[in-house]
2 protein chains.
Amino acid sequence: MTAAPRIGAGADRLAALDRRFLARAVELGRGGWGRVHPNPMVGAVVARDGTVLGEARHEEFGGPHAEAAALAGLGERARGATLYASLEPCRHTGKTPPCTEAIHRAGVARTVFWAAEPGAEAGGGGKWLRRRGVRVDGPFGDRADWAAENPVFFHRAAGSRPYVALKLAVSLDGRIAPGGGRRVWLTGAEARAEVHRLRAGFDAILVGTRTWKSDDPLLTARGAVKPRVPPVPVLLDRRGEATAGLRALNGDVGGRAIVVAASDAAGGLERRLAGRAEVAAVPVTRRGLDLAAALGGLVERGVGSVLCEGGGVLAASLLTGRLVDRLYLFVAPVVIGEGGVPAFPHAAGTIPGARTPPAGGWQARLDPVRFGSDTLIVLDRGG
Amino acid sequence: MTAAPRIGAGADRLAALDRRFLARAVELGRGGWGRVHPNPMVGAVVARDGTVLGEARHEEFGGPHAEAAALAGLGERARGATLYASLEPCRHTGKTPPCTEAIHRAGVARTVFWAAEPGAEAGGGGKWLRRRGVRVDGPFGDRADWAAENPVFFHRAAGSRPYVALKLAVSLDGRIAPGGGRRVWLTGAEARAEVHRLRAGFDAILVGTRTWKSDDPLLTARGAVKPRVPPVPVLLDRRGEATAGLRALNGDVGGRAIVVAASDAAGGLERRLAGRAEVAAVPVTRRGLDLAAALGGLVERGVGSVLCEGGGVLAASLLTGRLVDRLYLFVAPVVIGEGGVPAFPHAAGTIPGARTPPAGGWQARLDPVRFGSDTLIVLDRGG
């Protein structure tokens, strides 16, 4: 994401300069993608009289929090300054001391924060600072705004199933491929590099049977961001046809891999893969593998977020089953035509002929981004 | 457009601060949309040591040019400063004195400009300044980049047919409406306001027969930008069925209107409309009105740019006829389904099954913009 963040409701209470620094803090935080998970991405700016004194992000899980890092080295210069943070400063001691104490000790006169800290343990930092005489403004926007920036973090705090994102590359007419099983690159190199960057922020990358059979993909994050923990490749394999030689099961990062098979095929598969991958057994519905059960099984294996990358059958099943939290839609400036494979099956969550976008439909909360001639539209499931 | 402009090839020769001020000049220029035509949109920034001393845009046709306006009132402070302009400073006397002289007289030490001035009369400003000892950097990017920002201006300098933009509001699956002739609002209020802003920058708004018959639209620009010259409503009307009472022919701005009819229907129509609109007679092909001839006829009537707004039949004919220079594609986060009306007929300019985006396809040169939950993708016809 390079487009400007959306501060959301209530921000009109802030001066323009405050909004700018708060947006800058959110933007800084984005740089932690793939490195800070399971922590949230957080950025912070220290400023006085319109001048930035320090800025930082939470760079790495286990490393300093953004607020402490932005204050570090400022010494007496921080006294009386304003600290802007994209998340409410934490007031608990985890891998690092509480940020609230660092802020108070530095003599910061005012703290402006964007998202409320949802954790019972870490939350309440704003209140803590107020009690100690720091002027505190925040939160701004609502949970849906914050979740758009830190989707996995806010999902984890709320739900029991993994956060599910679906990546689709579509033509202007909403097709993912020509007919007849032919495969094409719809998007250009810049868009494909962005997919590798996105992969770094997920616990797992999931593909359907046809995709691994035809492409034998590596399913690693080979982009600008090296993930702190490499995503786990997950292959759907109803009939238990996977073989130990598949590239996704032999990643050079030496990580895990998971193959999801129908219960009646799982035993034989496990023997054949001989430890090359974990095998998850799930029931079968009349449409194929029970995807809801498959996703539930991933949570049990510590997978809190999944990026689903295709193919068309998987995408259609996930959309029809309303199992998708976020759509990363790369729109390529080409037309495939009526014979092509549609990305959106008929009943994919909106009402044909609706006069207005229906409640529960998709919402764009992040700004679109251009990659070469392709456009990335990020759509989050509506409330 | 609110997204950052693209400076293009060669800009890596510039320092980061230079690029920022040049991008700011382009961004400033955009505010002249609907007010400066037939002049180009131009912005200018005067800066020294990283500090902005003055900035301005060409606000209004006939009014001061951006460069002169940015220098105005700076007096001796401009001496030794750098002037950034989105277009090469003009060196001819039109409604205002040459900008080159204003720059030279102010003692500006360096001029950085983005687009080359294409006019034989006004061009050569960079060379003129260099000869007088001003350091000059520019142009940057190429004609396609410049035309993306000032499409009508650069089209006019090149071609004989009008600049044709097609506005489409599509669903995620590339449909413009459900089947069966039902009509829906796909996009939200913010996107529709942007359409009114866009209208202000065109000489004419064109709609097909079904649209004016079913909607009786006003076809005026009722948005944030009041056009200096209101766009002329143009109705396609093969059979000469328009009536004097249509709202588009009775605009409260008291402007012109044009009805395009088949040659055999034009005479009767002209009598019936009794001066309420100009009637343009064009030949008929086996697909209906000859659109290329219709567009040619508009040039003869002083219409240099047309925004085509529908409906589906017109859009399909324009795309199939390769008559569209720019697509304003508003993508709504809804799915209509396979029964819907496709925005892109089969042979709309790209090759089904192509392995890479084909030459001559669409290119995104401007960044996409979000309006509420809708996304505007601007696509220009490839070279």
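As a starting point, this report considers the structure included with it.

Parameters at a glance
Residue positions are given per chain, counting from 1 as you read along its sequence in written order. Each chain takes a letter, starting from A, and each ligand takes a number, starting from 1, following the order in which they are written. Per-residue local features are limited, in this predicted model, to residues with pLDDT of at least 70; the limit for side-chain atom pairs, both in listing and counting, is 80 or more; totals at the level of whole chains, interfaces and linings are taken over all residues. Heavy atoms from the whole structure form the basis of all side-chain values; hydrogens and water molecules are not counted. Secondary structure elements follow DSSP: runs of H or I of four or more residues count as helices, runs of E of two or more count as strands, with numbering from the N terminus. Note on method: radius of gyration uses C-alpha positions; expected globular size equals 2.2 Å times residues raised to 0.38. Only protein chains enter the accessibility calculation, which uses a 1.4 Å probe; a residue whose area is less than 20% of its type maximum is buried, one above 50% is exposed, and one in between is partly exposed. The contact definition used throughout considers only heavy atoms, calling two residues in contact when any of these lie within 4.5 Å. Here the open area of atoms and residues is found with the Shrake-Rupley method and a 1.4 Å probe, where only the protein chains shown may cover a residue. Only four residue types enter the charge count: Lys and Arg as positive, Asp and Glu as negative, with His and the chain ends excluded. The atoms used to mark charge sites are NZ of Lys, CZ of Arg, CG of Asp and CD of Glu. By salt bridge we mean one thing: a side-chain nitrogen of Lys or Arg within 4 Å of a carboxyl oxygen of Asp or Glu. Regarding the arc, it is the one traced by the directions from the helix axis to the C-beta atoms. A pair of strands is labelled paired if DSSP reports no fewer than 2 bridges between them. Any two of the Phe, Tyr and Trp rings considered here, Trp counted by its six-membered ring, make a pair once their centres fall within 6.5 Å; the pair's planes then place it as stacked at under 30 degrees, edge-to-face at over 60, or tilted in between. Lines fitted to C-alpha atoms define the axes, with helix axes restricted to the stretch in contact, and inter-axis angles between N-to-C directions lie between 0 and 180 degrees. Whenever a nitrogen or oxygen atom comes within 3.5 Å of another N or O atom, the pair is scored as a polar contact, on the condition that within protein one atom can donate a hydrogen and the other can accept it, and that pairs from neighbouring residues in sequence are kept only if both atoms are in side chains. Throughout this description, the term nonpolar core refers to a set of buried Ala, Val, Leu, Ile, Met, Phe, Trp, Tyr and Cys residues connected via side-chain atoms within 4.5 Å. Any pair of cysteine sulfurs within 2.5 Å is marked as a disulfide.

Each helix and strand counted, chain A has 11 helices and 19 strands in total. For 383 residues, the compact-globule formula gives about 21 Å, and the C-alpha radius of gyration of chain A, at 22 Å, lands near that figure. Projected onto the principal axes, the alpha-carbon positions of chain A cover approximately 65 × 50 × 35 Å. Burial status across chain A gives 55% buried among its 383 residues. Pairs at least 24 apart in sequence give 71% of the contacts found in chain A among residues at least 6 apart. Counting every atom, chain A has about 15600 Å² of accessible surface; 51% of that belongs to carbon and sulfur. Placing the 51 positive and 37 negative side-chain charges of chain A at their respective mean positions leaves the two points 1 Å apart.

Okay, the pattern of salt bridges next. For the coordinates displayed, the defined rule picks out 36 salt bridges over all chains. Note that R110 of chain B and D137 of chain B form a salt bridge whose closest N and O atoms lie 2.8 Å from each other. Here R110 of chain B, found in strand β4 (residues 110-115), pairs with D137 of chain B, found in strand β5 (residues 135-137); they are 27 residues apart in sequence, far enough to count as distant. We note that R110 of chain B, like D137 of chain B, is buried. Each of D18, R110, R135 and D137 of chain A takes part in salt bridges that share partners, so that together they form one network.

All names here are of chain A. Along helix α11 (residues 312-320), the residues that are buried comprise L314, A315, L318 and L319. Taken down its axis, α11 places every buried residue within 125° of arc, on the same side. Turning to α11, the residues buried within the fold contact β6 (163-170), β8 (204-207), β9 (232-236), α10 (291-300), β14 (305-308) and β17 (362-363). At the C-terminal side of α11, R322 shows a positive phi close to 55°.

A few words now on the pairing of strand β15 (residues 326-331) of chain B. Residues and elements named next belong to chain B. Along β15, 6 of the 6 residues are buried, which leaves the element largely enclosed by surrounding structure. What you see with β15 is no split at all: R326, Y328 and F330 on one side and L327, L329 and V331 on the other are buried throughout. Direction of pairing for strand β6 (residues 163-170) relative to β15: parallel, over a ladder of 6 bridges. Bridge pairing links V170 to V331 in β15. Pairing analysis gives 6 bridges linking β15 to strand β19 (residues 374-381), with the strands arranged antiparallel. The partner of L327 across the bridge, within β19, is L379.

Residues and elements named next belong to chain A. For strand β1 (residues 43-48), the tally of buried residues reaches 5 of 6 residues, placing the bulk of the element in the interior. Relative to strand β2 (residues 51-57), β1 runs antiparallel, the two being bridged by 6 bridges. Note that in β2 the partner of V46 across the bridge is G54. Hairpin connection of β1 to β2: 2 residues between the antiparallel strands, including D49 at a positive phi of 50°.

With that settled, the discussion passes to the packing of aromatic side chains. Residues and elements named next belong to chain B. Considering all chains together, one arrives at 12 aromatic pairs over all chains under this definition. Ring geometry for F21 against Y84: centres 5.3 Å apart, planes inclined by 50°, an arrangement best described as tilted. Placement of F21 in helix α1 (residues 16-29) and of Y84 in strand β3 (residues 82-87) is noted, with a sequence separation of 63 residues between them. Grouping residues by exposure puts F21 and Y84 together as buried. For the pair F202 and Y328, a centre-to-centre distance of 6.4 Å together with 85° between the ring planes defines the contact as edge-to-face. Pair noted here: F202 is in the loop between α7 (189-199) and β8 (204-207) and Y328 is in strand β15, with a separation of 126 residues, a long-range link.

Residues and elements named next belong to chain A. With mixed pairing, the 5 strands of this open sheet are ordered in space as β2-β1-β3-β4-β5. Each edge of the open sheet is held by one strand with a lone partner, namely β2 and β5 (135-137). Across the sheet, the mean angle from the axis of one strand to that of its neighbour is 15°, orientation sign disregarded. Bridge count for β1 against strand β3 (residues 82-87) is 4 bridges, and the pairing is antiparallel. Note on β3: the bridge partner recorded for V45 is Y84. Packing against the sheet, helix α1 (residues 16-29) makes contact with β1, β2, β3 and β4 (110-115), and its axis sits at approximately 150° to β1.

It is worth spelling out the sheet that holds β3 of chain B at this point. All names here are of chain B. Across the sheet, 5 strands lie side by side as β2-β1-β3-β4-β5; this open sheet has mixed pairing. The open sheet is flanked by β2 (51-57) and β5, the only strands paired with a single partner. Averaged over all adjacent pairs, the angle separating strand axes in this sheet is 15°, with direction ignored. Relative to β5, β4 runs parallel, the two being bridged by 3 bridges. The residue of β5 that forms the bridge with R110 is R135.

Turning next to α10 of chain A. The α-helix winds at 3.6 residues per turn, so residues separated by three or four positions along the chain end up facing the same way. All names here are of chain A. For α10, the full list of buried residues reads L291, A294, L295, G297 and L298. Within α10, the buried residues cover an arc of 155° as seen down the axis, which keeps them to one side. The distance from a side-chain oxygen at the start of α10 to the backbone nitrogen of A292 is 3.1 Å, and the residue carrying that oxygen is D290. The positive-phi residue at the C-terminal boundary of α10 is G302, with phi of around 85°.

Glancing now at the nonpolar core. In globular proteins that are soluble, nonpolar side chains generally tend to be buried together. Ranked by size, the top nonpolar core spans 82 residues in total, and within it L168 of chain A together with L168 of chain B carry the most contacts. In contact with L168 of chain B, not counting residues within four places along its chain, are I176, A315, L319, L327, Y328, L329, F330, A343 and F344 of chain B.

With that settled, the discussion passes to the environment of R381 of chain B. All names here are of chain B. Looking at the secondary structure, you find R381 in strand β19. Residues R381 and L327, 54 residues apart in the sequence, show an inter-C-alpha distance of 8.2 Å. Of the polar contacts made by the side chain of R381, one reaches the backbone oxygen of V324; its length is 2.9 Å.

Moving on: the environment of T209 of chain B. Residue and element names in this part refer to chain B. Within the secondary structure layout, T209 lies in helix α8 (residues 209-215). Linking T209 and V234, residues 25 residues apart in sequence, is a C-alpha distance of 10 Å. Apart from the residues lying within four places of it in its own chain, the contact partners of T209 are L236, D237, R238 and E241.

Throughout the structure, instances matching the rule amount to 0 disulfides over all chains. Here C99 of chain B is not cross-linked by a disulfide; its sulfur's nearest cysteine counterpart is in C90 of chain B, at 4.0 Å.

Residues and elements named next belong to chain A. Along the chain, H155 falls in helix α6 (residues 151-156). What makes H155 buried here is its relative accessible area of 16%. Within the structure, H155 has its side chain in polar contact with the backbone oxygen of R161 (distance 2.5 Å).

Moving on to unusual backbone geometry. The linkage connecting H37 of chain B with the following residue, P38 of chain B, adopts the cis geometry, with an omega of 10°. Among the structural elements, P38 of chain B can be located in the loop between α1 and β1 (43-48). The omega torsion of the bond from G138 of chain B to P139 of chain B falls at 0°, within 30 degrees of zero and hence cis. Among the secondary structure elements, P139 of chain B is positioned in the loop between β5 and α5 (143-149). For A274 of chain A, which is not a glycine, the phi torsion comes out positive at approximately 50°. Note that A274 of chain A resides in the loop between α9 (263-273) and β11 (278-282). Taking relative accessible area as the criterion, A274 of chain A reaches 63% and is therefore assigned exposed.

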